[in-house]
Every structure is written in C-alpha cells, then in structure tokens.
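Descriptive analysis of the structure
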Amino acid sequence: MNLFLQIFLYFDVFIIGVVATIAFRHAMAHFRPQKETKPTPSTHHTEPSLDKEVREKLMLEAEAKYQKLLDASIEHLSKELGITSDKINRVVDRLAADMLTREQDAYSKLIKDYQTETEGKLDDAKSQTNNYQSELKAKMDEAAKAEQDRLIDLIDHKLSDAVMAFLLEAMGHEVDLGAQMDYLMKTLEQHKDEFKAAVNS
Amino acid sequence: MKYDLPEDIISAEDLKGVIEELKDYQTYARHGSIKARVTKRAGGTKPELSRPSNELINLIVNNNKLALSDLDRLISSLEKMYSALPRIKITLAALPGAGIKKQMSVWVRKNITSNVLIDFSYNQSLLGGMVVVAGSHIYDWSLRKQIISVQPKLNELIANHV
C-alpha cells in the first residue's frame, strides 16, 4: 500500500511539474513576447504575410484554446489532487487508527500486566499478613498460657508458703520436749545404724 | 590410760569443767603435801569437787590414798580425751533439761560409742525432733523438715481444689 501511494504521489508531482512548466512558458510568452527571428537563407521559406486582424484572431483563438487547455489541466489536476488527498487522508487515518490501536493494545496489555503483578503482590502480602497474624496469635496464645501457668504456679506456691509459715508460726510456740521424748528416742533408734557409722567414721 | 566418762559428764564443757576442778584439786593437793612435810599440818581449804570429779578420783584412789602422780596422769588423760574424743551436736526444739540430756547421752554411749562428748543446743524453729551433727554428717530429723517435705503434696492439694 505504501509503495502504491509513493508511485501515485510521484506521478502526481510529475504532472504538476509538467503543467507548471507549460503554464510558466505560456506566461513568459504572454508577458515577454519573443522577437521574431529572421529566417536563415538555408531554412528560409516563403510564408504568406498575414493581416493584422487575422493575426489577432489567431492569437485570440490560440489564447482561448490555451486557456481551455489550462482550465482542463487545472480541473484535472484539482480532481487528481482531491483524489490523492482523499487517499492520503484515508491512508493517514488508517495508519493513525492502526497506530492508535497498537498503542492502545500495548497500553492495555501493560496496564493488565501491572494489574496482574499488583494483584499478585497484594495476594502475597495478604497471605504473608495472614501467616504473620496466625503466627502472632499462636505466639500470643502460648505466651498467655505460659504466663497463666506461671501465675497459677506462683499463687499455688505463695499459698502453700503462707500455709507453711502459718503452721511453723503456730507450732513454734511452747514446744514441750518432755512430750517429745518418746518420739526423740524412737528417732534415735530408727537411725541407730547410720548414726553409728557416722560417729565411727 | 583410758577412763570411762561418768554419766554426768556429757558435753565437752562438762569435761572441761571437771578438768579444771581436778586441776584446782591438784594444786591444793600439791600445796597441802608440801605444807604437811614442812609443818606436819594439812593446809588450805579442800576444794569442793562435783560428783563426776569425785567418781574419777575414786577410780585412782588406792587404799584410801591418792597419789599425785596418778592425779597428774588422770588430768593428762582427761585432757587428751577432751581433744580426741568424737563430738556430737544435738539441736532440739527447746532447751533440754538435765534429765533429757542424761537420757540421750546414756543411750548414745550405750548404743553408738562409749566415749563421746555430746553438746546440746536448741532452735525453736525445729518445732520438734532434732538435728544431729556427727563429724561431717548432718541428720535433720526435725518436725520442720517433715512439714516442709510435704509441701509439694500441699501444692498439689491446693492445685486440685482451687
């Protein structure tokens, strides 16, 4: 298509050139008439002398014919130019449309790619956030449970410490050794062997 | 020479006291014998001896006569015993009376070893029972320890019921 357009354009330019040249020569002839050259003896042939009126009549006829020819050329040229410009416009429109479509497609593809990439990244971020949330929740649950266990253990120990302290305090007063003598002698009897080994070692 | 300690000599302090008494008696006896040789009169006031000291002296008296040399030997042996005899420390929950001390020392000398010095002390926080230290061994047979040993069970009990 481009080649045809080029050839057509060259042809049109050529026609314009020819027409312009003819027009220029006619204009030159009209505004700067050439001096008549004396015929040379070798090429001399006898031409009948014409009347002035006849000459003017011929001139007018020639001018009219020339004008007619010029008008026809101009009309033809105009038509051709119009056709050419229409074709050029159509081609340019088509080219523009193609280019626009291509660019639009490329742009749409790019946008789509970016969109897909962004969606992918968003999904990743979302899944990472969800994972992080789950991990954090699990850690927090674990920490809370550990703290709960620690506090329960602490309470149990403190409570038992309090009970022990109470018992020791309550039983620490008015110890009666006399009442404990049987227990003391029984204890000595019970541990006699290890006591003996310790003393004799 | 080794002597069996009288029952009243229980602790190292008691033995030390007896040794000091015997030394005073030794001094008296020595001065008295010198005076008797010089003035044919027994001189000075005879020091009062405790029962365990008397028991020990009776061991060395021969035909109602007490030889100074025997007394010297006795004191020397007692001093050696003071340094060499094994010592046991018994800590009770209250200050033990003489009867309790004697009962326990008799049992120890009968069942563990005949010659041993027993020191008594007290610590109210034991609540009952005793802590015995013999050489490098410590035996905690106190009531406090038994109560503390059941604390894990108490923890379990509280955990199950709270």
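One can find the structure itself at the top, above this paragraph.
The shown structure was predicted, so the numbers you read here are calculated from the model rather than taken from an experiment. (Residues numbered from 1 in each chain as written. Chains lettered and ligands numbered in written order. Predicted model: local features only at pLDDT ≥ 70, side-chain atom pairs only at ≥ 80, totals over all residues. Heavy atoms only, no water.)

Let's shift gears to the overall build of chain B. Along the backbone of chain B there are 6 helices and 4 strands. Taken from the N to the C terminus, the helices and strands of chain B come in the order α-α-α-β-α-β-β-β-α-α. Relative to its full complement of 162 residues, chain B shows a buried share of 41%. For chain B, long-range pairs separated by at least 24 residues make up 70% of all intrachain contacts whose partners lie at least 6 apart in sequence. Summed over all atoms, the accessible surface of chain B reaches about 9,400 Å², with 51% contributed by carbon and sulfur. (Helix = DSSP H or I, 4+ residues; strand = E, 2+ residues; numbered from the N terminus. Buried < 20%, exposed > 50% of the residue type's maximum accessible area, 1.4 Å probe, protein only. Contact = heavy atoms within 4.5 Å. Areas by Shrake-Rupley, 256 points an atom, 1.4 Å probe, with all protein chains shown as cover.)

What follows covers the overall build of chain A. Per the secondary structure count, chain A includes 4 helices and 0 strands. Helices (α) and strands (β) of chain A occur, in sequence order from the N terminus, as α-α-α-α. Looking at the 201 residues of chain A, the share that counts as buried comes to 13%.

So, on to the packing of aromatic side chains. Per the stated rule, a full pass over the model turns up 4 aromatic pairs over all chains. Each ring, one from Phe195(A) and one from Trp141(B), has its centre 6.2 Å from the other, and the planes form 75°; the classification is edge-to-face. Here Phe195(A), found in helix α4 (residues 192-200), pairs with Trp141(B), found in strand β4 (residues 137-142), and the two come from separate chains. Trp141(B) matches Phe195(A) in its accessibility class, with the two residues each being buried. Where Tyr25(B) meets Tyr28(B), the ring centres are 5.9 Å apart and the plane angle is 50°; that geometry is what we call tilted. Of the two residues, Tyr25(B) and Tyr28(B) both sit in helix α1 (residues 12-39), 3 residues apart, roughly one turn of that helix. A residue is classified by how much of its surface remains accessible, and Tyr25(B), at 11% relative accessible area, is buried. Every member of this aromatic cluster is reached through a ring pair, and the members are Phe195(A), Tyr139(B) and Trp141(B). The cationic tip of Lys87(A) hangs over the ring face of Phe8(A); the distance from NZ or CZ to the ring centre is 5.0 Å. (Phe/Tyr/Trp six-rings, centres within 6.5 Å; stacked < 30°, edge-to-face > 60°. Lys NZ or Arg CZ within 6 Å of the ring centre and 35° of its normal.)

Side chains bearing opposite charge may pair, as long as their charged atoms lie close to each other. Counted according to the given criterion, the structure contains 13 salt bridges over all chains. When the shortest N-O distance is used, the salt bridge between Lys79(A) and Glu75(A) registers 4.0 Å. Separated by 4 residues within a single helix, Lys79(A) and Glu75(A) lie in helix α2 (residues 52-171), roughly one turn from each other. A relative accessible area of 52% means that Lys79(A) is categorised as exposed. Notably, a salt bridge pairs Lys137(A) with Asp141(A), separated by 3.5 Å at the nearest N-O pair. Of this pair, Lys137(A) and Asp141(A) both sit in helix α2, 4 residues apart, roughly one helical turn. Looking at Asp141(A), the relative accessible area reads 45%, which means it is partly exposed. Because the salt bridges share partners, they merge into one network encompassing Glu7(B), Asp8(B), Arg51(B) and Lys102(B). (Salt bridge = Lys/Arg side-chain N within 4 Å of Asp/Glu carboxyl O.)

The next subject is the packing of α4(A) against helix α4 (residues 98-111) of chain B. Put simply, α4(A) and α4(B) touch, their axes get as near as 11 Å, and they point 75° apart. Taken together, α4(A) and α4(B) sit at an angle that is classed as roughly perpendicular. Taken together, the residues of α4(B) that come into contact with α4(A) (itself represented by Lys192(A), Phe195(A) and Lys196(A)) are Trp107(B), Val108(B) and Asn111(B). The residue makeup of the contact of α4(A) with α4(B), split by class, is 3 nonpolar, 1 polar and 2 charged. (Axes fitted to C-alpha atoms, helices over the stretch in contact; angles between N-to-C directions. Parallel < 35°, antiparallel > 145°, perpendicular 65-115°, else oblique. Nonpolar A, V, L, I, M, F, W, Y, C, P; charged D, E, K, R; others polar.)

Where helix α3 (residues 177-190) of chain A meets α4(B), the closest approach of the two axes is 11 Å, and the angle between their N-to-C directions is 10°. By the angle class used here, α3(A) and α4(B) are roughly parallel. Of the residues in α4(B), those touching α3(A) at Leu177(A), Gly178(A), Met181(A), Met185(A), Leu188(A) and Glu189(A) are Ile100(B), Gln103(B), Met104(B), Trp107(B) and Asn111(B). Of the residues belonging to the contact of α3(A) with α4(B), the class tally is 7 nonpolar, 3 polar and 1 charged.

Take unusual backbone geometry next. All names here are of chain B. For Leu127, which is not a glycine, the phi torsion comes out positive at approximately 70°. By the element assignment, Leu127 lies in the loop between β2 (117-122) and β3 (129-134). Judged by its relative accessible area of 4%, Leu127 is buried.

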